[in-house]
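# Per-entry structural report
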Amino acid sequence: MFRIGFSYDAHRLTEGRDLILGGVKIPYSKGLLGHSDADVLSHAIGEAILGALSLGDLGKHFPDTDPQYKGISSLKILSLICDMMTKENACIINIDSTIVAQEPKLAGYISKMRENIASVLRINVDQISVKATTTEGMGFAGRKEGIAAYAVVMVERSQEQK
């Protein structure tokens, strides 16, 4: 059975934090504010996977009130979600994602983001699309107040459940 999941994530840009997207540290004067490393791309992908499997959202499984997730790499969160997929007899068919940021320019980092995500989810790089766009100066991303990401994922779930 094929299932589709969709998600969106956004975090505020702030001084004194690293900018991490798809597990890649991007040189920039600000980073994303959050309980974990605030990697909006990994968060959107992880939550889309959870949605495809009807398992709820990131907050249900990795609450920001739990100190064990303070500063955690979002790639580690994706790894834990991958373990959940295995328990659900599911595998990823493909992921399509878009990062929304006025700056910095991300084209030079997308290949490494795809490699990181593929490695953690134990899939091929060609199963992952990561794109980046701006909002032409409109909205919070356009004003450089934050960065957002959208993700859609298709999974195949075996009829044999758990």
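Summary of the structure given here. (Residues numbered from 1 in each chain as written. Predicted model: local features only at pLDDT ≥ 70, side-chain atom pairs only at ≥ 80, totals over all residues. Heavy atoms only, no water.)

## As for a nonpolar patch on the surface
Judged by side-chain polarity, I4, F6, Y8, Y150 and V152 come together as a nonpolar surface patch covering roughly 490 Å² of accessible area. Every element with two or more residues in the nonpolar patch is listed here: β1 (2–14) and β7 (146–157). Residue contributions to the nonpolar patch peak at 3 residues, all from β1. Its place among the elements puts V152 in strand β7. A relative accessible area of 30% means that V152 is categorised as partly exposed. (Patch = residues over 30% accessible without salt bridge, like charges linked within 9 Å, V, L, I, M, F, W, Y side chains within 5 Å. Areas by Shrake-Rupley, 256 points an atom, 1.4 Å probe, with all protein chains shown as cover. Salt bridge = Lys/Arg side-chain N within 4 Å of Asp/Glu carboxyl O. Helix = DSSP H or I, 4+ residues; strand = E, 2+ residues; numbered from the N terminus. Buried < 20%, exposed > 50% of the residue type's maximum accessible area, 1.4 Å probe, protein only.)

## Some remarks on the layout of surface pockets
In this structure, the largest pocket occupies an estimated 270 Å³ of space. Lining the largest pocket are 16 residues, and of these H11, S36, H43, L58 and F62 sit closest to its centre. Only β1, α1 (40–52) and α2 (58–61) provide two or more residues apiece to the lining of the largest pocket. Take the lining of the largest pocket: its biggest share by element is 3 residues, from β1. For the lining of the largest pocket, the residue count by class is 7 nonpolar, 6 polar and 3 charged. (1 Å grid on protein atoms, 1.4 Å probe; cavity = no way out; pocket = protein on both sides within 12 Å on 5 of 7 lines; lining within 4 Å. Points joined across faces, edges and corners; volume = space filled by probe spheres on them. Nonpolar A, V, L, I, M, F, W, Y, C, P; charged D, E, K, R; others polar.)

## Focus: the pattern of salt bridges
Side chains that differ in sign of charge can pair as their charged atoms come close. Within this structure, the stated rule accounts for 6 salt bridges. A salt bridge links R143 to E145, with the shortest nitrogen-to-oxygen separation between them at 2.9 Å.

## Here's the deal with the pairing of β7
Bridge count between β1 and β7: 11 bridges; the pairing is antiparallel. Looking across to β7, one finds that F2 is bridged to E156. (Pairing = 2+ DSSP bridges.)

## A word on the sheet that holds β7
As summarised here, the arrangement of the 5 strands in space is β4-β1-β7-β5-β6, forming an open sheet in which the pairing is mixed. Strands with a single pairing partner mark the edges of an open sheet, and in this sheet they are β4 (31–32) and β6 (128–133). The strands touched by helix α4 (residues 110–121) are β5 (90–100) and β6; relative to β6, the strand with the most contacts, the crossing angle is about 145 degrees. (Contact = heavy atoms within 4.5 Å. Axes fitted to C-alpha atoms, helices over the stretch in contact; angles between N-to-C directions.)

## Brief notes about the pairing of β6
Of the strand pairs in this sheet, β5 and β6 are connected by 6 bridges, and their pairing is parallel. Each bridged residue has a counterpart across the sheet, and for I95 the counterpart in β6 is I128. For the crossover from β5 across α4 to β6, the handedness is right-handed. (Right-handed = clockwise from strand over helix to strand, strands pointing away.)

## Description of the packing of helix α3 (residues 74–87) against α4
Where α3 contacts α4, the axes come no closer than 8 Å and their chain directions differ by 35 degrees. For α3 against α4, the interelement crossing comes out right-handed. Within the contact between the two elements, α3 uses L75, L78, S79 and C82 and α4 uses N116, I117, V120 and L121. In terms of residue class, the contact of α3 with α4 is made up of 6 nonpolar, 2 polar and no charged. (Left-handed = near helix turned anticlockwise from the far one by under 90°.)

## Describing the side chain of Q127
Along the chain, the position of Q127 falls in the loop between α4 and β6. Take Q127: its relative accessible area is 17%, and that puts it in the buried class. Polar contacts involving the side chain of Q127 include one to the main-chain carbonyl oxygen of I92, which spans 3.0 Å. Filtering out sequence-adjacent residues up to four positions away, Q127 remains in contact with I92, I93, N94 and I95. (Polar contact = N/O pair within 3.5 Å; in protein donor to acceptor, adjacent residues only side chain to side chain.)

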